[in-house]
Amino acid sequence: MLHKTHGVVFRFTNYSESSIIVTIFTEVFGLQTYMVNGVRGKSRKSNIALYQPMTLLDLVVYHRENASILRIKEIKCLHPYQSITSDFRKSTIVLFLNEVINKTVKDQSHAQDLCEFLIQSFTYFDLQQTNVENFHLIFLVRLSQHLGFRPSELAELLEGNFVLEDEEVVLSKLLTSNYSDPIQMTNLQRRNILDLLIRFYATHSENFGELKSLSVVRELIQ
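Rules and cut-offs
Residues numbered from 1 in each chain as written. Predicted model: local features only at pLDDT ≥ 70, side-chain atom pairs only at ≥ 80, totals over all residues. Heavy atoms only, no water. Buried < 20%, exposed > 50% of the residue type's maximum accessible area, 1.4 Å probe, protein only. Helix = DSSP H or I, 4+ residues; strand = E, 2+ residues; numbered from the N terminus. Pairing = 2+ DSSP bridges. Core = buried A, V, L, I, M, F, W, Y, C linked by side-chain atoms within 4.5 Å. Contact = heavy atoms within 4.5 Å. Axes fitted to C-alpha atoms, helices over the stretch in contact; angles between N-to-C directions. Parallel < 35°, antiparallel > 145°, perpendicular 65-115°, else oblique. Nonpolar A, V, L, I, M, F, W, Y, C, P; charged D, E, K, R; others polar. Phe/Tyr/Trp six-rings, centres within 6.5 Å; stacked < 30°, edge-to-face > 60°. Lys NZ or Arg CZ within 6 Å of the ring centre and 35° of its normal.

1. Points about the pairing of strand β3 (residues 30-36)
Next, step 1: With respect to burial, β3 is a largely interior element, 6 of its 7 residues being buried.
Next, step 2: The antiparallel hairpin formed by strand β2 (residues 20-26) and β3 contains 3 residues in its connecting segment.
Next, step 3: Here β3 pairs with strand β5 (residues 70-77) via 2 bridges, running parallel. By the bridge assignment for β5, Met35 is matched with Arg71.

2. Considerations on the nonpolar core
Taken as a class, soluble globular proteins show a tendency for nonpolar side chains to be buried jointly.
Next, step 1: Core analysis: the largest hydrophobic core is formed by 55 residues, its most contacted members being Phe96, Phe122 and Phe139.
Next, step 2: Taken together, the elements giving at least two residues each to this core come down to β1 (2-14), α1 (88-104), α2 (111-127), α3 (135-147), α4 (154-158), α5 (165-174), α6 (187-204) and α7 (214-220).
Next, step 3: At 8 residues, α2 tops the list of elements feeding residues into this core.
Next, step 4: The contacts of Phe96, once residues within four sequence positions are left out, are His136, Leu140, Leu194, Ile198, Leu211, Ser213, Leu214 and Val217.

3. Describing the packing of α2 against α3
Next, step 1: One way to put it is that α2 packs onto α3 with a least axis distance of 11 Å and a crossing angle of 170°. Taken as axis vectors, α2 and α3 run roughly antiparallel relative to one another. For the pair α2 and α3, contact is made by Asp113, Leu114, Phe117, Leu118, Ser121, Phe122 and Phe125 and by Phe135, Phe139, Arg142, Leu143 and His146, respectively.
Next, step 2: Within the contact of α2 with α3, the residues separate by chemical class into 8 nonpolar, 2 polar and 2 charged.

4. Things to note about the sheet that holds β2
Pairing between the strands of a sheet comes from backbone hydrogen bonds, and it takes one of two forms, parallel or antiparallel.
Next, step 1: Pairing within the closed barrel is mixed, and its 5 strands lie in the order β1-β2-β3-β5-β4. Adjacent strand axes in the sheet meet at a mean angle of 55° when their direction is disregarded.
Next, step 2: Taken strand by strand, α2 contacts β1, β2, β3 and β4 (56-62), and its axis lies near 65° from that of β1.

5. Notes on the packing of aromatic side chains
Think of a pair of aromatic rings as described by two things: how far the centres are apart, and how the planes are tilted against each other in angle.
Next, step 1: For the structure shown, the criterion picks out 11 aromatic pairs.
Next, step 2: Ring geometry for Phe125 against Phe135: centres 4.1 Å apart, planes inclined by 10°, an arrangement best described as stacked. Note that Phe125 is positioned in helix α2 and Phe135 in helix α3, a separation of 10 residues in sequence.
Next, step 3: Overall, the relative accessible area of 0% leaves Phe125 in the buried class.
Next, step 4: The class of Phe135 is buried, set by a relative accessible area of 1%.
Next, step 5: Summarising the aromatic geometry, the rings of Phe149 and Tyr201 are spaced 5.2 Å apart at their centres and angled 85° between planes, so their arrangement reads as edge-to-face. Of this pair, Phe149 sits in the loop between α3 and α4 while Tyr201 sits in helix α6; the two residues are 52 residues apart in sequence, bridging distant segments of the chain.
Next, step 6: A connected cluster of aromatic rings, assembled from ring pairs, spans Phe117, Phe122, Tyr124, Phe125, Phe135, Phe139 and Tyr179.
Next, step 7: Directly above the ring of Phe125 sits Lys90, whose terminal nitrogen or CZ lies 5.4 Å from the centroid.

6. Some words on the pairing of β5
Next, step 1: Examined bridge by bridge, β4 and β5 share 5 bridges and lie antiparallel to one another. Looking at β5, one finds that Val61 is bridged to Ile72.

7. Observations regarding unusual backbone geometry
Next, step 1: The phi dihedral of Met54 is positive, around 70°, even though this residue is not glycine.
Next, step 2: Within the secondary structure, Met54 sits in the loop between β3 and β4.
Next, step 3: In this structure, Glu159 takes a positive phi of about 50° despite not being glycine.
Next, step 4: Structurally, Glu159 is set in the loop between α4 and α5.

Keep in mind these numbers describe shape, not what the thing actually does.
Shown next as structure tokens:
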């Protein structure tokens, strides 16, 4: 049966010389896997750029319960990125957040809310011109709510970890901030808070493991 849905690309792998298998988080069905043929061939009908991680999509898909791999009938970009693909800071942050998302988003419940959150967040980030350096920190706090473990108070986030008093002040602001809210912090504070958030995620996410892109983001905010 055909269904219209928005979606966010999480990852793709090459399947053959011209085909890929792509994992997309959809607002209707949650996390789904699709086979796309001919996308890498010389006479491709689809553009491989549409399947890059964190691309926001408008889809018509075939859906069958309990099917492990499905098909896409129609696809177009919901919001063509204007700055994320060309701004090194933004593309690095998105690469890092994509890795976190792939490690943590497993459940298909509340798919619509989570999908809308992802689409709204990355659309905003693409258009954002100020406070870019804090986006990933606010995003991680807000994503944790959709994953079911957002801290309601600072003590829940700290979980016994010691931080300096000025970092406590910043963390308290992060718990209630929107992307547009200016939060003053030093690069050292930003790195320490990022490490704290990653530890918090590792505690609450099964098989979280090591983040390959974490070192790159930490270098970016030196």
